[in-house]
There are 4 protein chains.
Amino acid sequence: MVSALGVAVVGFGWMGRVHTQAYARVPHHFPQLAVRPELVTVVEDVPGRAEEAAERFGFATTARDWREVAADPRVHAVSITAPNFLHREIGVAMAEAGKHIWIEKPVGLTAADARAVADAVARAGVQGTVGFNYRNAPAVAHARELIAAGEIGTVTHVRVRLFSDYAAHPESALTWRYERERGGSGVLGDLASHGVDLARFLLGEITALTADTAIFVPERARPTGATAGHTRATGGDLGPVENEDYVGCLLRFASGARGVLEASRVAVGEQNTYGFEVHGTKGAVLWDFRRMGELGVSRGTAYQDQSVSTVFVGPGHGAYAAFQPGSANAMGYDDLKVIEAHHFLRSIAEGTPHGATLDDAVHSATALDAMSRSAESGAWVTL
Amino acid sequence: MVSALGVAVVGFGWMGRVHTQAYARVPHHFPQLAVRPELVTVVEDVPGRAEEAAERFGFATTARDWREVAADPRVHAVSITAPNFLHREIGVAMAEAGKHIWIEKPVGLTAADARAVADAVARAGVQGTVGFNYRNAPAVAHARELIAAGEIGTVTHVRVRLFSDYAAHPESALTWRYERERGGSGVLGDLASHGVDLARFLLGEITALTADTAIFVPERARPTGATAGHTRATGGDLGPVENEDYVGCLLRFASGARGVLEASRVAVGEQNTYGFEVHGTKGAVLWDFRRMGELGVSRGTAYQDQSVSTVFVGPGHGAYAAFQPGSANAMGYDDLKVIEAHHFLRSIAEGTPHGATLDDAVHSATALDAMSRSAESGAWVTL
Amino acid sequence: MVSALGVAVVGFGWMGRVHTQAYARVPHHFPQLAVRPELVTVVEDVPGRAEEAAERFGFATTARDWREVAADPRVHAVSITAPNFLHREIGVAMAEAGKHIWIEKPVGLTAADARAVADAVARAGVQGTVGFNYRNAPAVAHARELIAAGEIGTVTHVRVRLFSDYAAHPESALTWRYERERGGSGVLGDLASHGVDLARFLLGEITALTADTAIFVPERARPTGATAGHTRATGGDLGPVENEDYVGCLLRFASGARGVLEASRVAVGEQNTYGFEVHGTKGAVLWDFRRMGELGVSRGTAYQDQSVSTVFVGPGHGAYAAFQPGSANAMGYDDLKVIEAHHFLRSIAEGTPHGATLDDAVHSATALDAMSRSAESGAWVTL
Amino acid sequence: MVSALGVAVVGFGWMGRVHTQAYARVPHHFPQLAVRPELVTVVEDVPGRAEEAAERFGFATTARDWREVAADPRVHAVSITAPNFLHREIGVAMAEAGKHIWIEKPVGLTAADARAVADAVARAGVQGTVGFNYRNAPAVAHARELIAAGEIGTVTHVRVRLFSDYAAHPESALTWRYERERGGSGVLGDLASHGVDLARFLLGEITALTADTAIFVPERARPTGATAGHTRATGGDLGPVENEDYVGCLLRFASGARGVLEASRVAVGEQNTYGFEVHGTKGAVLWDFRRMGELGVSRGTAYQDQSVSTVFVGPGHGAYAAFQPGSANAMGYDDLKVIEAHHFLRSIAEGTPHGATLDDAVHSATALDAMSRSAESGAWVTL
């Protein structure tokens, strides 16, 4: 028997929309799931946006304040897709109110924030799922399986890269995202957080790291009235960018493997160039989100001159079969979040976690904090 | 004001499911659409499948016979996703019953079939949308715009390819798809139909062609009881494959451009290798469905040594902005059908066609018929 | 014992230079060869060019007229790298004078020309090697071996493409190359000749074909005094281009395989895009000259969802080991001609042909003639 | 007037052969060069190898001991292609004997070795050219020009990678290369040395770095009599690998740019995966030796969503025009060393250095030493 589960979405920007479509679509792709989400309410303080969301997706009600959700007995599960600086407060409150939470990465601004939410979730005995969505790509799931099965031998080293151009334009306005206080870190939380999660997902725990960070666009124009809500600003006063545009990092893993992680938000020429290359003593797996459905695989018994195959993912890989019946039929970004919604709802239905949890968020945030400290001290930091 | 529109889906195999999810998701992506589809009924004679569809997607009722839909006043629009040999009968009947139809390619087994449905639609004054989904890829829409804007100069020639391995296994059972009577053509209807549509979409009308076809796996095992419903068969008697595995074709366009079209259903190593390369006097556009979000673009004023750029599609391309806010965030196959559903519903709402119509289906089917005749005669056939 | 062999080069444009460097380098790479070429003389009527060649490469003497070479007892082997319209006369004369010849493709302007040279060579009992250099690429040699060994099963179809932009600029001057009388065919002889040879090398004999040709830049400016010797012309009168810019062709092979061959000299965005894709019942091999050292290979026992590996060529492939000790160390275009020189000299040393012969040239030229006739008649032509 | 220059080659393994062919071919490609190398003598103590070299390439004499060359008045220039542990002794002696030297990287086992040779060259006033051959690739030269011209704005960060599988086989015999005393460092000298040179060539001086190294195959079998001279060993006792298989490194440049450098000799699936990606505030340049003739270029004024073009190198790039008349005609590895030979000989002819010098070798070796020290201390090392 399928039972209904009331859900709420707190924050209806892009990511709120993505969570919502995922709830709506989970039954299409995972009919065996024992719970069926019902869209109870959506919270957003931008005027009209909650109503528009309700109209579009069918939420029963809307709200301006997330505290209403915490108090709402119709709601059993909450998506927290508000800005990062609100993650901790909302996350803790929702857990304490007994709501299961699906919260976006990086879960707050610091490792302490992530830990606070994780502790609240643990104390409350609710489920907590975190939006490390790249794990959900079937190619990534397949990579993990190949590694776990020893198909590439003992893992030796990994390269993880997250390059984007979202802040590459020098006229990107100096919004709160570039401030330490409200934005926290820069590319560390935005992108490197995903990189740490991918590295851990594939290789296991990181034990030590040393990092370097840089700000390549040190000043940006403050948004003026004319530019408010726009992404470009030219007329305003220049103000300082306070958090990092770039990080480079060396990693050591508990397994003995080594790694390099890089992330940039100002990499001209790169649109979502997120990926990894894992090498082992017998092979390698290579992935790039831009070609999400492909996995480069080298395996065999040659060691030398062993070639790399381009594998297009198909029904045997990760959750692919829930979406397409034959291989190489493109899945999209939104589909990855349907998989994530399934993990969240299944966790609730079974009372045991599936997918990325708050423990993963704490590990990722701890590594990001270590990167910041290492970038200041110049020393390796042990995790 | 948004008005509700009752829809039915006839045939709930893979494609029926894809249409259904598209109806469910159209409001998520196209909130400005003046009609909102309501899932009234689903028709399927495989026991239990209609009920499972209703459970999963929320159809109000189910049916075993499509004639019930034709007579159902709740239904205003019908998806025809039944096997090809039923397209004509169902399509004509639905149009005559005043239902708008969204029908899968190739619309019947022959050009005569497609024409019959097109005529019925025209007589009834209903809308008819056809499932030529590759048009809907933002990269393809962008290619068309570049060509139309003269960015690659005068088009000189095009290569269109549709290679798949879906029938490559010699133990694929000899189902009705390999029979002339029920399956009609082989790879012509399955894949080349898409190729003709893409060629026309990008370059305009084809005026003449010469083609060659081949059967590379001439016999397959008849399915036995044990293999019924399975895709592999080894024990059964061998029977003849009656329709073509492969087609190669030279094309001439009204514009003076030339082209080559190839399709194969037995191309080992190819998973959905569907694409085109259009060359013009000043540039080129190159696309491959396997990397759906990328378009190779050569344009400029160099003529010689002009390089090709890899453009990742983004909000400025086709319907991309209805799905993702930034470029290079993967869209999936199912998303293309959401765009197609939007075309269909918008056609109904506005009373004027959007997207691929039955006229396009007639043109495609006419070219396929010409390929068959040319393959027999060895002569060019004028369209 | 290694014996010296006097060689001459007739025509010292780019290709004359390439032959010459190949003679000079053959001993570096093929020390086991029983003959060692000695550069006796070079023929060129552009003033100073022969002398410059002698200075650069060490020819003992120079000449203005190729007839001197025919009469020169020091010369045993001759490279014919003069313009195509001189191939027949020089080729026949050299053979009749008892000289072995290494002659560039397409060997004259017509199949009759190629046949005349082939007959003269056969009558004289000399060796005749033809410049179908793409055969010599180790990746191509490897492809042939894989096919011959049945690694891709029975070959079903092939795509051969030769796209270039060398005539893409509309201001390319109207030289003799665009005239029927002196230039013969256009892209057929220039590029499609290579395509036919590759197809035959990999798949065996072609039995029938149908083709279409087109001129996309119908007029070009005649070179004026100011533009003589230059490649761009704008001021001159416009005159008609008399031979084809483009050919598209369907092929049938004796084996039952099918194919498509295309060539263009006006393909903007394409620099030496020469390659093939051969499919068989169990796999495929894919090659592109632009990435000369890579071969795409799909083989195995999967039939469906069988991936393609990128194989970087190495010592086990073709003549690679004569050049580099480890795989993926780039070979260059000039190296391919060293391999060809080795074929020629080895043919002479052993008295038995190696590499592409005049018989291959006749087959290629016959197919090109058939393409021309088919393009006029619209009918298939049997070879 | 061209004057003859007597050259000797010391050490005739693969690299000795590559230098020799380069001397032989320089006049073919650089006829304007004022000196013409004459192959005087070749030194090799493997019995018969010097004689075979003389036979193949035309050295006038042979020798067993490099000291004969130092004393030979016919020799003005010497290629030092002996094992690394002999670089210092031979290099210093040749310079002191007044010979110009073309010496292979990394020039000895340590920075002190490189400095000793550099000092000897400076004192003697001879020319010293170093085998950092990847600089010579036209695509790399073009990348440097684009960067220097500001086409990618201010350089922000670089990734340099040198991955190979040459030691990936666990049965590679434990030769002297794995010993500290005779082999010095492992992948640092072998591959990372090239990476440092490329980074400096493109971005200027490195000011600080932190590095991590690892040995992934800690033991290998000692070669037995049966395996002597072979690359595989299985029967012998296991002995320890003493130098690093892998290095990961973070870099800071004088310009403020950051970088990551990685190198591995045990990377299964990688054959000569050597390359870089340089990002700047307005664009990027990307190169991979495996596709030596291609350069990925992003430039323009878009900042965001700026695409990357695949540029095939041609006559306008680096020394390409000395080899091929049109773009995208493959150059090979050996061609790069012809360019390097030209740098060396031109340096001698003009009395002023061209190409990579011993100063570059010192800088590279200094960075490698710093990497070793950093890998031990865990701290950043200032250069």
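Residues numbered from 1 in each chain as written. Chains lettered and ligands numbered in written order. Predicted model: local features only at pLDDT ≥ 70, side-chain atom pairs only at ≥ 80, totals over all residues.

(A) Looking closely at the interface of chain D and chain A. At the junction of the two partners, chain D supplies 37 residues and chain A supplies 38 residues. Of all the secondary structure elements, the ones that give two or more residues to the side of chain D that touches chain A are β7 (155–163), β8 (206–214), β11 (246–253), β12 (258–264) and β13 (273–280) of chain D. Element by element, the count of residues in the side of chain D that touches chain A is highest for β12(D), at 4 residues. Class assignment of the residues belonging to the side of chain D that touches chain A gives a composition of 14 nonpolar, 16 polar and 7 charged. (Contact = placed C-beta atoms within 7 Å. Helix = DSSP H or I, 4+ residues; strand = E, 2+ residues; numbered from the N terminus. Nonpolar A, V, L, I, M, F, W, Y, C, P; charged D, E, K, R; others polar.)

(B) Here's a closer look at the interface of chain B and chain C. The partner chain C presents 37 residues to the 37 residues of chain B that form the contact. Of all elements in the fold, only β7 (155–163), β8 (206–214), β11 (246–253), β12 (258–264) and β13 (273–280) of chain B reach the threshold of two or more residues within the side of chain B that touches chain C. With 4 residues, β12(B) is the single largest residue contributor to the side of chain B that touches chain C. The residue makeup of the side of chain B that touches chain C, split by class, is 14 nonpolar, 16 polar and 7 charged.

(C) Expanded view of unusual backbone geometry. A cis amide bond links K105(A) with the next residue in sequence, P106(A), at an omega value of 0°. By the secondary structure assignment, P106(A) is in the loop between β5 (100–103) and α5 (111–124). The phi dihedral of N272(B) falls on the positive side, at around 60°, and the residue is not glycine. Its place among the elements puts N272(B) in the loop between β12 and β13. Even without a glycine there, the phi angle at Y303(D) is positive, about 65°. Looking at where Y303(D) falls in the secondary structure, it is placed in the loop between β15 (294–298) and β16 (308–312). Y303(D) gets classed as buried once you count the C-beta atoms within 10 Å, which come to 20. (Buried ≥ 20, exposed ≤ 12 C-beta atoms within 10 Å, placed from the backbone.)

(D) Structural context of helix α6 (residues 138–148) of chain B. Turning to α6(B), its buried residues are P138(B), A139(B), V140(B), H142(B), A143(B), L146(B) and I147(B). Of the residues one or two after α6(B), G150(B) is the one with positive phi, at around 80°.

(E) Structural context of the sheet that holds strand β3 (residues 61–63) of chain B. Residue and element names in this part refer to chain B. One open sheet holds the 6 strands; their spatial order is β3-β2-β1-β4-β5-β6, and the pairing between them is parallel. At either end of the open sheet lies a strand with only one pairing partner, and these are β3 and β6 (128–130). On average, each strand axis in the sheet is inclined to that of its neighbour by 25°, with strand direction left out of account. (Pairing = 2+ DSSP bridges. Axes fitted to C-alpha atoms, helices over the stretch in contact; angles between N-to-C directions.)

(F) View of the environment of L39(D). Residues and elements named next belong to chain D. Tracing the sequence through the fold places L39 in strand β2 (residues 35–43). When the 19 C-beta atoms within 10 Å are taken as the criterion, L39 is described as partly exposed. Separated by 35 residues in the primary sequence, L39 and A4 have C-alpha atoms spaced 10.0 Å apart. If we ignore the near neighbours within four places in the chain, the residues touching L39 are V7, T20, Y23, F57, G58, F59 and A60.

(G) A look at the sheet that holds strand β1 (residues 3–10) of chain C. Residues and elements named next belong to chain C. In spatial order, the strands read β3-β2-β1-β4-β5-β6; together these 6 strands make up an open sheet with parallel pairing. Only two strands of the sheet have a single neighbouring strand rather than two, namely β3 (61–63) and β6 (128–130). Each adjacent strand pair in this sheet contributes to an overall mean axis angle of 25°, direction not counted. Bridge count for strand β2 (residues 35–43) against β3 is 3 bridges, and the pairing is parallel.

(H) Spatial organisation of the relation of the copies chain B and chain C. If you rotate chain B by 180° and push it 0.0 Å along the axis, it lands on chain C with an RMSD of 0.0 Å. Interpreted geometrically, this transformation is the action of a two-fold axis. Measuring from the rotation axis to each C-alpha of chain B, the shortest distance belongs to A379(B), at 2.8 Å. Looking at the interface residues of chain B, 100% of them are also at the interface in chain C, so both copies use one shared face. (Least-squares fit on C-alpha atoms with pLDDT ≥ 70 in both.)

(I) Quick look at the confidence of the model for chain A. When pLDDT is averaged along chain A, the result is 96, and 98% of the positions lie at 70 or above. Overall fold confidence for the complex sits at a pTM of 0.97, while the interface term, ipTM, reaches 0.96. (pLDDT = per-residue confidence, 0-100.)

(J) Quick peek at the relation of the copies chain D and chain A. Under the fitted operation, chain D is carried onto chain A by 0.0 Å of movement along the axis and a turn of 180°, and the coordinates agree to an RMSD of 0.0 Å. The fraction of interface residues of chain D whose copies in chain A are also interface residues reaches 100%, indicating that both copies meet through the same surface.

(K) Spotlight on the packing of helix α5 (residues 111–124) of chain C against helix α10 (residues 358–377) of chain C. All names here are of chain C. It is at 8 Å that the axes of α5 and α10 come closest, and there the two elements cross at 165°. Taken together, the axes of α5 and α10 lie roughly antiparallel to each other. Here the hand of the crossing between α5 and α10 comes out left-handed. Residues A111, A114, R115, V117, A118 and V121 of α5 lie in contact with α10, whose contacting residues are L358, D359, A361, V362, A365, T366 and D369. For the contact of α5 with α10, the residue count by class is 9 nonpolar, 1 polar and 3 charged. (Parallel < 35°, antiparallel > 145°, perpendicular 65-115°, else oblique. Left-handed = near helix turned anticlockwise from the far one by under 90°.)

(L) Region of the structure containing the domain arrangement of chain A. All names here are of chain A. Splitting chain A by domain gives domain 1 (3–133) and domain 2 (136–325 + 357–382). Each of domain 1 and domain 2 has a C-alpha centre, and these two points are 25 Å apart. Taken together, the contact between domain 1 and domain 2 spans 20 residues of the former and 20 residues of the latter. Every element with two or more residues in the side of domain 1 that touches domain 2 is listed here: α5 and β6 (128–130). For the side of domain 1 that touches domain 2, the element with the most residues is α5, which contributes 6 residues. Tallied by class, residues from the side of domain 1 that touches domain 2 come to 12 nonpolar, 6 polar and 2 charged. (Domains from an automatic or database assignment.)

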